[in-house]
Amino acid sequence: MPGTIIDDVQIIDAGRGGGTDVPAGGDDDGEGAGGSNGIPQRAYFTVIQLGLAGIVMFFMALTSSFLVRKGLGNDWVSFNFPRILCLNTLILLGSSFTIQVARRHLHRRENAAFRRWWSITTALGALFLAGQLMAWRQLAAQGVFLVTNPSSSFFYVLTGAHGLHLLGGILALLYVSRRNWRRARISQVTATDVASIYWHCMDGLWIFLFALLYLGR
Amino acid sequence: MKRKNGEQGSAAVAFTLAAFLVIFTLITVYLFLAKIWWFPPAISEFGTQIDAQFHRTLIITGIVFVLAQVGLALAIFRSRDRGQRASFFEGNSTMEFIWTLATVIMFVGLGLYGEHAWAEAHFQGAAPGALQLEVTGQQFAWNFRYAGPDGKFGGTKPELVSASSGNPLGLDPRDPTSKDDIVSPVAYVPVGQEVELIIRTQDVTHSFYVRELRLKQDAVPGMTIHMHFNATVPGEYELACAELCGLGHYRMRSFVNVVSQEEYDKWLRDQEAALQQQ
Amino acid sequence: MVTHESGGHHHPPTGFIRKYIFSLDHKVIGLQYYFLALFSVFVGMALSLLMRIHLVWPSAKMPFTPGGQMTPEQYLALMTMHGSIMVFMVLTTAPQSGFGNYALPIQIGAEDMAFPVLNMLSFWTTFLSLVVLVSAFFVTGGAPISGWTAYPPLSALGQIAGPGQGTGQTLWIVGVAIFCIGSLLGALNFITTTVDLRTKGMTLGRMPLTVWAWLITAILGLLAFGVLLAACLLLLLDRVAGTSFFIPGGLVVTDTPIVSHTGGSPLLWQHLFWFFGHPEVYIAILPGMGVASHVLSTFARKPVFGYKAMVGALGAIGFLGFCVWGHHMFISGMSPYSAFAFSLLTMTIGVPSAIKTFNWLGTLWGGRIQFTTAMMFGLGFVSLFVTGGLSGLFLAQPSIDLYLHDTYFVVAHFHLIMGVAAIFGIFAATYFWFPKMFGRMLNETIGKIHFWFTFVGVYSIFMPMHFLGIAGHPRRYADTTGVNFLGPLHSVHYFITIAAMVTITAQLIFLFNFFYSLKKGEKAAENPWNATTLEWTIPSPPPFDNFAGRIPVVYRGPYEFSVPGATDDYVPQHLAPERVGKAH
């Protein structure tokens, strides 16, 4: 039923589909505000988990390449880990905190607060990316580039790939703040929760990569 | 029911399909037994073991092949539409269990049995006192190197490589151990002598392959890989490249000559003499 | 039939662009993938035909070759593109994204895939990758010559390593990377749809085996393509940015030292590539196995023998498929101890494959076989799968692989499994679902002629290759006159080429049947095969939302054929129990 975002705060039922006595698929489970072909909202949770699985495999391939290449020979040269990366990490961790605050506000129907904290999260995300570019600048100033050494090659590749995925996350955050929920199949709560899951995972991925790059530099 | 039974269930189709499967099976079995195009005879004890494992595998897969194709033919012919009602059975756990177990035993057993030959090739190094023979692949030629009287391989430098000036391996003239190294486009080895093969490459991945030795090993850039063999039958054996390396991959070939000890010694002396004269 | 109303009301698309170009309808998208594959398979066959002709008549005048005679690098370029186009654009699209897109939502009682926009995007991404891939033919230096496996350093060093290794190779890498993304997007849709959009009563245990196969295949794709994408990224950087992931130091190419790279590992590429590559070949065959089970059951009028075991076998093959990649690398210089482990795991993967074969035979035994063309291709699939699979037992043992690696024995093995069995799965699916897709029947007589030419033909082409391999004939040779021991094998090559020429030409029969029947075929009823699954409960062709708002409810499994006591020899899945006719 069409309505404002205030209507749509039902906690998502994460039950499995089909085959039980409860009707599944294509029926009343999918009530997003005004949605046309309603697929069950849990489908969005399914797909984000799957997407993350695919992304994890991509980064695992790069990680194992990192470990193999490092262990291979004696041409792995350390470089100075840019200090700003620590600050960036804190910023990203902070954004995970603020996104949780935003979600709680949405679940309590406190829309103004939700919008505020959501924007803060988006800004922190953008700040993180800017910080990453600064880190690259700092490395370049040291004379450390993509081709300088395998250790730096992996640094640029891993931070670049993560940055791209985080940019995708920022686009998702912007989608949540701009979407007209009346015309969407996905409900606002679902979109917010799904974007948050992705965001937290990008945060977690960064922690992992940070540790890998720092310990393996 | 919309279908016309006589048309779809025609005995002619069933028979033809079943007959083709049987005939195809017979032709295949015959060709494998007749060995018209087959391995060249193995020239080492190791090669004989490989051949034995191949035959074991051939027998087992052959039996499965015949049973499966003939079974399919039988099922097709027997169960063609003759107006009968199909039997309704959805499975048979006992049969399922039995043939799964049989397959596991056969396949895994076969695999375990064959590991022995692999272990011999790869888990152990060359016997002590083996003749050291280095082979280096490049686009698109093989070059063998013998260590010479000093028994040491001399140093090589990439920047010194120049096939056109007769230094395809880039031997360093300032290294005293490289002065007596013999470089040859073909290999000579004495019969019955354990040889340690040291495989290298200059540019891309190649693969050292001599059929009669039942020996194949990729030559990987950045790696030096050791294999060993002991050839017991004299002859000239062709070496072909077995890893795609560029446009000349099809003509990257050489020869391994297995000769008597006397002939080998003579060849070696001739090479050393030629080296002196340069 | 009991239905429940669908949640929303949606309107059919209007306008040519929305209906046929940027369609969101899974049926249209499925057909787009199918036609992309159809185009690609004829391109791939043409390339292989040129290759086969050159091998036997090296001085023959060839089209597109300046000077008339094919050069070795042209042969290798044809070979590289043949493999790449066939594996990616045919075998990874038609069985999964083609038929899966078309039939999966209907078979589970859904109105469309979970994410139609994503679905459309994945097709057009795949289309873009085809364009980029094929463009490699038209740049300076031509298409790459490093095979579909693109091993570095040959694929990483650039133009200096050989013709086609400049821009051509770069375009290949970019095209493949784009393909990875398209496949990943598609996999997301398939899995989500199967997990979350099944209609009431469609439990996992009542899903047709086609749906199980598409689901497991999508899981394989989701987990494998990310790895290939990473590998392509690193290879691209080695080529254009000067990194050294795969290129070691000290290389000299044609007397020119390569000083700009050091320390990389060619083996690292092989591990990454084959970690993807092995699941990829299961991606190519699994849907065909699902189709074979489905078609065999339908036309033998018998339930699938051992449904649970069939599902388990699909899962086991999928899982084990991730554990065996090293069997492509026994000779590579990788640790011989890991070769031992990979070998045992590979022999193990033969077990679920054997289970499936037994169960196919069990499905047929005691049946009442209708020899439709779809069924014949399904039966052919079983025969070909057995033959191709058994040669794998030789290659799975490193001691035997020592000899057979990189020979024509391997070419025979993977062609029989992929290039033929999987293709037969595609043909079976085509003959089976054509009536539903287009509302017309394919001509059965022409279909059977096509079947016979193809079945006899493919065995004629690929069986002799086993003997070439046993005789030691290395693969990827542009010419057979460079090595003496290949001389006695020329007659075999001749036979293979003739067989290939006939078989490839015979595929025109299929093309004719296809396009003629589109317009002039006998009109198809809703359920021409008396089949049980949900796609046969809707008109041929179906309305844009599949069920016209009335989603079926499922009451039983998908293979209820010849049920004792029922009047008909099939009971559709959607028929309420009280509506099932009873024999008196």
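Residues numbered from 1 in each chain as written. Chains lettered and ligands numbered in written order. Predicted model: local features only at pLDDT ≥ 70, side-chain atom pairs only at ≥ 80, totals over all residues.

1. Topic: the nonpolar core
All names here are of chain C.
- One finds A231 and A428 to be the most contacted residues of the largest nonpolar core, which totals 319 residues.
- With 24 residues, the single largest contributor to this core is helix α7 (residues 209-240).
- Not counting residues within four places of it along the chain, the set of residues in contact with A428 comprises V291, A292, V295, A374, F377, G378 and F381. (Core = buried A, V, L, I, M, F, W, Y, C linked by C-beta atoms within 7 Å. Buried ≥ 20, exposed ≤ 12 C-beta atoms within 10 Å, placed from the backbone. Helix = DSSP H or I, 4+ residues; strand = E, 2+ residues; numbered from the N terminus. Contact = placed C-beta atoms within 7 Å.)

2. Notes on the sheet that holds strand β9 (residues 235-241) of chain B
Residue and element names in this part refer to chain B.
- Pairing is mixed in the open sheet, where five strands are placed in the order β4-β10-β9-β6-β7. Among the strands making up the open sheet, the edge pair consists of β4 (187-190) and β7 (215-219). Geometrically, the sheet is characterised by an average inter-axis angle of 20 degrees between neighbouring strands, direction not taken into account.
- Here helix α5 (residues 261-277) sits on the sheet in contact with β4 and β10 (253-259), set at roughly 140 degrees to β4. (Pairing = 2+ DSSP bridges. Axes fitted to C-alpha atoms, helices over the stretch in contact; angles between N-to-C directions.)

3. Remarks on the interface of chain B and chain C
- Taken together, the contact between chain B and chain C spans 92 residues of the former and 101 residues of the latter.
- Among the elements of the structure, α2 (11-34), α3 (45-78), α4 (93-122), β6 (206-210), β7 and β9 of chain B are those that each provide at least two residues to the side of chain B that touches chain C.
- When residues in the side of chain B that touches chain C are grouped by element, the largest group, 15 residues, is from α4 of chain B.
- Each residue belonging to the side of chain B that touches chain C can be placed in one class, and the counts come to 44 nonpolar, 30 polar and 18 charged. (Nonpolar A, V, L, I, M, F, W, Y, C, P; charged D, E, K, R; others polar.)

4. Considerations on the packing of helix α8 (residues 266-300) of chain C against helix α10 (residues 336-364) of chain C
Residues and elements named next belong to chain C.
- One can describe the packing of α8 onto α10 by two numbers: an axis separation of 9 Å at closest approach and a directional angle of 15 degrees. One element, α8, and the other, α10, form an angle in the roughly parallel class. Note that α8 runs across α10; the crossing there is left-handed. In this structure, α8 contributes M289, A292, S293, L296, S297 and A300 to the contact, and α10 contributes K356, W360, T363 and L364. (Parallel < 35°, antiparallel > 145°, perpendicular 65-115°, else oblique. Left-handed = near helix turned anticlockwise from the far one by under 90°.)

5. A word on the sheet that holds strand β3 (residues 182-184) of chain B
Residue and element names in this part refer to chain B.
- The mixed open sheet is built from five strands, whose spatial order is β3-β2-β1-β5-β8. What marks the edges here is a single partner per strand, and that holds for β3 and β8 (225-230). Taking the axes of each pair of neighbouring strands and ignoring which way they run, one obtains an average angle of 25 degrees across the sheet.
- Here strand β1 (residues 131-138) pairs with strand β2 (residues 141-146) via six bridges, running antiparallel. Looking across to β2, one finds that L133 is bridged to Y146.

6. Regarding α2 of chain B
- Spanning 24 residues, α2 of chain B covers 34 Å between terminal C-alpha atoms, matching the ideal 34 Å at 1.5 Å per step.
- All of the buried residues in α2 of chain B are V13, A14, L17, A18, L21 and T25 of chain B.
- Tucked inside the fold, the buried residues of α2 of chain B contact α3 of chain B together with α11 (373-395) of chain C.
- Positive backbone phi, at 55 degrees, marks K35 of chain B, one or two positions downstream of α2 of chain B. (Expected span 1.5 Å × (residues − 1).)

None of the figures reported here should be taken as evidence of function without further support.
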